[in-house]
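# Structural characterization, general
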Amino acid sequence: MIKIRINQDVKDAVDEHWKWIKRRFYIDVDYSSLNGSQKRAWTCAHKKLNKLYSLLGFMSLPSKDRENALHDLICVPPQDLKAFRDDGRFTQLVKKETAAYKAYQNWKRRKKRRVGGGKVPKCHQKEYDAEKDRNSVVSILGYEDLYEGDVDWDAYKLCDKIGLLVCPYCNRQYIYTIFDKNGCGEVRPQLDHFYVKSKYPYLSCSFYNLIPSCPVCNLGKNDESDETIYPYESEFGRNAVFRLDPVDLQNLRNGKIDLKKSYFVSIEFEYSDSEKLNKKLNVYPNLDIPDFENQVRNSDRIFHLTDLYNKHQIEIKELMSRQIKYAGACLGNFSSFIYGKKYNELSPTEQADLKQYVLGLPVLFRNEEYPLRKLKEDLVDQFENG
Ligand SMILES: [Zn+2]
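Residues numbered from 1 in each chain as written. Predicted model: local features only at pLDDT ≥ 70, side-chain atom pairs only at ≥ 80, totals over all residues.

### Let's talk about helix H17 (residues 373–385)
Our working rule: Every helix listed is a DSSP run of H or I at least four residues long, and every strand listed is a run of E at least two residues long, numbered separately from the N terminus. Helices are assigned an expected span. That span is 1.5 Å times one less than the residue count. Here the C-beta atoms are placed from the backbone, and a residue counts as buried if at least 20 other C-beta atoms lie within 10 Å of its own, exposed if 12 or fewer do, and partly exposed otherwise.
For H17, which comprises 13 residues, the first-to-last C-alpha distance of 18 Å matches the rise-based estimate of 18 Å (1.5 Å per residue) to within 8%. Considered for burial, the residues of H17 that qualify are Lys374, Leu375, Lys376, Asp378, Leu379 and Val380.

Below, the structure written as structure tokens:
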């Protein structure tokens, strides 16, 4: 729900990620310059690379173009990721939930079989081979090898370089990365495959398909969850906002707050009438509104956003109490106390800062993400302008 900004660090991370892939496969490494064990490693890596090229359908390309095709797959930019997902070159690798696939899965469950073990009945051979190919692509591309990586690049460094502070899916939890004194990763966010690797194995190591996220959100996603908001491209923003019930809001505006009661929020879309729609479309000319609304609803359902936010009663009530008690008539007193001036003598920046102080929201780090930032900003906005 919170967009990941693509700054220079993120762009550098893409470069580092590609360099890691190149190192793994000894791409651009001169064989004759290597010693004995390195030569064996080179041969082994190139054998795997050729198998990968073959599975991805790159073998028919001239040798140099295969590397470029792999680069394009690993570094595919966010705006092209969906097109790569649907690229006809990889159709045979997409897991399809056909009747034959389900029958194969049932057989596997009954037999407690794993891919690679024992004889497979002829009727399941095609599905078995397809699954084997999907697993091979994931395994050779090496997403799991990224956990440990090498000296220069691993999942910890990737997360650290992207530099997200808060889970982009839920905006509820901090997702810090921590290293020990030797620079080894100790704590990091989980990496969610936006397009799941079991279904789209060829995207399993593509940089912009790896979303640092909290464990709750990563675990909550499944095969069907690929139509949520894609954090490298979009966010709830001002279009999908958390709103209190109008009756509760009216009571709060009248200064009545019952701390024993629950104040529930729901998601609303800002452009519910045609006038607003036109306005929003002018502001966001590339935003496909029906698709956006579906993606928001899917995100809400899959990550349980509304239900989880409604558990945050302490934060909601604390914020609303401050809004009622301090952010109205009392601002004058705070202004005299903090600035030694009347409220209407403050500059617009000072007035905005003062409001943040009394609401308990960040003043010095206003541009940084923090948990529940969107919920809090939406509720303050609703109270003041809604
Ligand atoms: Zn999360």
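We are not done yet, so read on.
### Observations regarding the packing of helix H1 (residues 8–24) against helix H8 (residues 155–162)
Rules: For every element, the axis is a line fit to its C-alpha atoms; helices are fit only across the contacting stretch, and the angle between N-to-C directions ranges from 0 to 180 degrees. The scheme is simple: roughly parallel for angles under 35 degrees, roughly antiparallel for over 145, roughly perpendicular for 65 to 115, oblique for anything else. Any two residues are considered in contact once their C-beta atoms, placed from the backbone, lie within 7 Å. Amino acid classes used here: Ala, Val, Leu, Ile, Met, Phe, Trp, Tyr, Cys and Pro are nonpolar; Asp, Glu, Lys and Arg are charged; the rest, including Gly, are polar.
Put simply, H1 and H8 touch, their axes get as near as 8 Å, and they point 160 degrees apart. Put simply, H1 runs roughly antiparallel to H8. Residues Asp9, Val10, Asp12, Ala13, Glu16 and His17 of H1 pack against Leu158, Lys161 and Ile162 of H8. Tallied by class, residues from the contact of H1 with H8 come to four nonpolar, one polar and four charged.

### Quick look at the domain arrangement of the protein chain
The following threshold applies: Just so you know, the domain bounds were taken from an automatic or database domain assignment.
One can read the domain layout of the protein chain as domain 1 (8–227) and domain 2 (240–385). For domain 1 versus domain 2, the separation of C-alpha centres amounts to 39 Å.

### Describing the packing of helix H15 (residues 331–339) against helix H16 (residues 348–359)
If you want to describe how two helices pack, look at the angle between their axes and the distance between the axes. At a minimum axis distance of 11 Å, the contact between H15 and H16 shows a crossing angle of 105 degrees. Comparing the axis directions of H15 and H16 gives the class roughly perpendicular. Listed contacts from H16 to Leu331, Phe334, Ser335, Ile338 and Tyr339 of H15 are Glu350, Leu354 and Val358.

### Section: the environment of Val358
Within the fold, Val358 resides in helix H16. Separated by 198 residues in sequence, Val358 and Asp160 place their C-alpha atoms 33 Å apart. The contacts of Val358, once residues within four sequence positions are left out, are Arg322, Tyr326, Ala327, Leu331 and Phe334.

### Observations concerning the environment of Trp107
Note that Trp107 resides in helix H5 (residues 99–111). For Trp107, a count of 16 C-beta atoms within 10 Å gives the class partly exposed. Sequence separation between Trp107 and Ala329 is 222 residues; the distance between their C-alpha atoms is 70 Å.

### A closer look at the pairing of strand S5 (residues 240–244)
Heads up, the condition is: Strands were regarded as paired on the criterion that DSSP finds at least two bridges between them.
The buried count for S5 comes to four of five residues, which makes it a mostly enclosed element. Pairing of S5 with strand S6 (residues 265–269) involves five bridges; the strand directions are antiparallel. Opposite Phe242, over in S6, you have Ile267 as the bridge partner.

### A short note on unusual backbone geometry
Positive phi, normally seen in glycine, also occurs at Asp28, with a value near 65 degrees. Assignment of secondary structure puts Asp28 in the loop between H1 and helix H2 (36–56).

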